[in-house]
Amino acid sequence: MSQNTLAQFVDTTATKFGVPGVAVGVWVGGRELYACHGVTSVDNPLPVDADTLFVLGSVTKSFTATALMRLVAEGRVELDAPVRRYVPEFSLPDERAAAEITVSQLLNHTAGLDWRMSVETGEGDDALAAYVENMAESELIAPPGARASYSQVGYNLVGRIIEKATGLTYEQAIASLLFEPLGLSHSSFATGDVMTRRFAVGHNLSEDGTPVVARQWKDTRANNPGGGGASSVADQLRWARFHLGDGRAEDGAQVLPAEVLQRMKEQTVELRGSTLGDAFGICWFLRDVDGVRTVGHGGSANGQFAELLIVPERDFAVVALSNAGPDGGLAFNQSVVRWALEHYLGVVDRDPEPLPYDEARAREVVGSYENDMMTLTIATNGTGLTIECGIKPEIRAATDTELPPDLPPADLGLLPGDTDEYIVTSGALKGQRGFFTRDDDAVVGVDLAGRWSKRVSAASE
């Protein structure tokens, strides 16, 4: 369990993937191990340390879900209650669905809500209220309870439930319910707070392949519940240890009943063909790796990536934070997590092998797919399949802020069996898995990273 061994792997891997700055923490054998490498910014560099704040992206959802579960434990919210009990103004184009969606369906992504909404509601205390008002225009991708599909929209709505139940802003509520009692002193949502500390900025690659600073540091305030938190690797390892524990803070105060923490790690709905997990618990992705159950969540921001994984039966956790786009940051985090699992636990995570190219099957899936924010293009050159991911041009045109770059085509291979599953085998999304959805035997959608996209056209050649 050498600290030097971890540091050596982190240094070598960060250099390999060209990541400006990274922070890694491991909890193993009752010890905290840390390894940091590089700088916070290529323009204004400071050394990354264990207290440097990174944008967490969707790892923030674990804060949101845990805070909501504390309100459940205190009897202030009921999981099976309709959302409208707490947010009466919640509406959708489908009135029946709006009345039916429950709190628990938001927490395990089965509400039928789309991935994201392209809407700007400002940085005021009314940001979430205005965001929910805009949901009146948000079409469902499926009936409530019909299937799991990862939804930022749903978690932002959870944030509004927290506001309504506590009478506080979402950010104040998270601080009161979690940050303060757990001693997470290097975790925040407010840019004005973060900028007084050492913090990492994101980086994307320029045309010549060198990292350049991503000028939008994090998402809008209305997206805080789904992905707007910032935290250090030391705080994130403390957070992981809390979820491995009995619900007590380090000072012995009971923050959550142990049975509530355990309930969050129990399967609520199965996931199909996803790199992220085999099932959802309450927020958490649950995945069996080499016969061992893992519990975790990842997150992405503009040029930053975060990963948190715990192994309850081994009292183990690993956290990886990086400040580079997917070609570097995502690949680095995934490499660190796999190395840590194998090095410390002997648990080996292997990608499945795709099938040889099949022209007939390829023709069934090629085409364009869309969700509210993104376009996915599946194409074939006659010898293989590729997937290309990009933000819709109209979304780019409508915003004044810098958005992450589109991803160039990457190789994709179909997997054995009759489930229409696939794996990306090259590029920034290498190792990502997903599946195609059929209706009357025709392919009508594709899932990537747990997010569903509707097929809008089929390629003619």
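Calculation notes
- Residues numbered from 1 in each chain as written.
- Predicted model: local features only at pLDDT ≥ 70, side-chain atom pairs only at ≥ 80, totals over all residues.
- Heavy atoms only, no water.
- Axes fitted to C-alpha atoms, helices over the stretch in contact; angles between N-to-C directions.
- Helix = DSSP H or I, 4+ residues; strand = E, 2+ residues; numbered from the N terminus.
- Parallel < 35°, antiparallel > 145°, perpendicular 65-115°, else oblique.
- Contact = heavy atoms within 4.5 Å.
- Left-handed = near helix turned anticlockwise from the far one by under 90°.
- Nonpolar A, V, L, I, M, F, W, Y, C, P; charged D, E, K, R; others polar.
- Salt bridge = Lys/Arg side-chain N within 4 Å of Asp/Glu carboxyl O.
- Buried < 20%, exposed > 50% of the residue type's maximum accessible area, 1.4 Å probe, protein only.
- Phe/Tyr/Trp six-rings, centres within 6.5 Å; stacked < 30°, edge-to-face > 60°.
- Pairing = 2+ DSSP bridges.
- UniProt positions renumbered as here; feature names shortened; annotations may be inferred.
- 1 Å grid on protein atoms, 1.4 Å probe; cavity = no way out; pocket = protein on both sides within 12 Å on 5 of 7 lines; lining within 4 Å.
- Points joined across faces, edges and corners; volume = space filled by probe spheres on them.

Draft legend 1. Geometry of the packing of helix α2 (residues 60-73) against helix α7 (residues 170-182). For the pair α2 and α7, interaxial distance at closest approach is 10 Å and the crossing angle is 85°. The angle between α2 and α7 falls in the class roughly perpendicular. Here Thr60, Phe63, Thr64, Thr66, Ala67, Arg70 and Leu71 of α2 lie close against α7, whose contacting residues are Tyr170, Ile174, Ser176, Leu177, Leu178, Phe179 and Pro181.

Draft legend 2. Structural view of the packing of α2 against helix α10 (residues 233-244). At a closest axis distance of 12 Å, the pairing of α2 and α10 adopts a crossing angle of 40°. What the angle tells us is that α2 and α10 run oblique. Of the two possible hands of crossing, α2 and α10 adopt the one that is left-handed. Taking contact as the criterion, the partners of Ser62, Phe63 and Thr66 in α2 are, on α10, Gln236, Trp239, Phe242 and His243. A breakdown of the residues in the contact of α2 with α10 according to their chemical character gives three nonpolar, four polar and no charged.

Draft legend 3. Molecular detail of the pattern of salt bridges. Counted by the stated rule, this structure contains 29 salt bridges. Arginine 85 is the partner of glutamate 78 in a salt bridge, and the nearest nitrogen-oxygen pair spans 3.3 Å. Residue class for arginine 85 comes out partly exposed when judged on its relative accessible area of 46%. Across the pair aspartate 441 and arginine 438 runs a salt bridge, and its minimum N-O distance is 3.8 Å. The exposure class of aspartate 441 is exposed, given its relative accessible area of 59%.

Draft legend 4. Examining the packing of aromatic side chains more closely. Enumeration according to the criterion identifies 13 aromatic pairs in this entry. When the centroid spacing of 4.5 Å and the interplanar angle of 10° are considered together, the rings of phenylalanine 9 and tryptophan 339 count as stacked. Pair noted here: phenylalanine 9 is in helix α1 (residues 3-17) and tryptophan 339 is in helix α12 (residues 326-345), with a separation of 330 residues, a long-range link. Relative to phenylalanine 242, the ring of tryptophan 239 has its centre 5.8 Å away and its plane inclined at 20°; by these criteria the two rings are stacked. Of this pair, tryptophan 239 and phenylalanine 242 both sit in helix α10, three residues apart, roughly one helical turn. Per residue, the accessibility class of tryptophan 239 equals that of phenylalanine 242, and both read buried.

Draft legend 5. Structural context of the sheet that holds strand β7 (residues 230-231). One open sheet holds the three strands; their spatial order is β3-β7-β4, and the pairing between them is antiparallel. Sheet topology places β3 (54-55) and β4 (187-188) at the edges, where each strand pairs with a single neighbour. The sheet contact formed by β3 and β7 spans two bridges and is antiparallel. Considered in β7, the bridge of valine 55 is made with alanine 230.

Draft legend 6. Highlighting the UniProt feature "domain: Beta-lactamase-related" (unreviewed entry) in the chain. When the UniProt feature table is mapped to this numbering, "domain: Beta-lactamase-related" (unreviewed entry) covers residues 8-327. For residues 8-327, the end-to-end C-alpha separation is 21 Å, with 31% helix and 19% strand making up the annotated structure.

Draft legend 7. Molecular detail of the layout of surface pockets. In this structure, the second largest pocket encloses a volume near 310 Å³. Lining the second largest pocket are 19 residues, and of these Asp114, Arg116, Glu139, Asn371 and Asp372 sit closest to its centre. In terms of residue count, the dominant contributor to the lining of the second largest pocket is strand β21 (residues 451-458) (four residues). For the lining of the second largest pocket, the per-class residue count stands at six nonpolar, five polar and eight charged.

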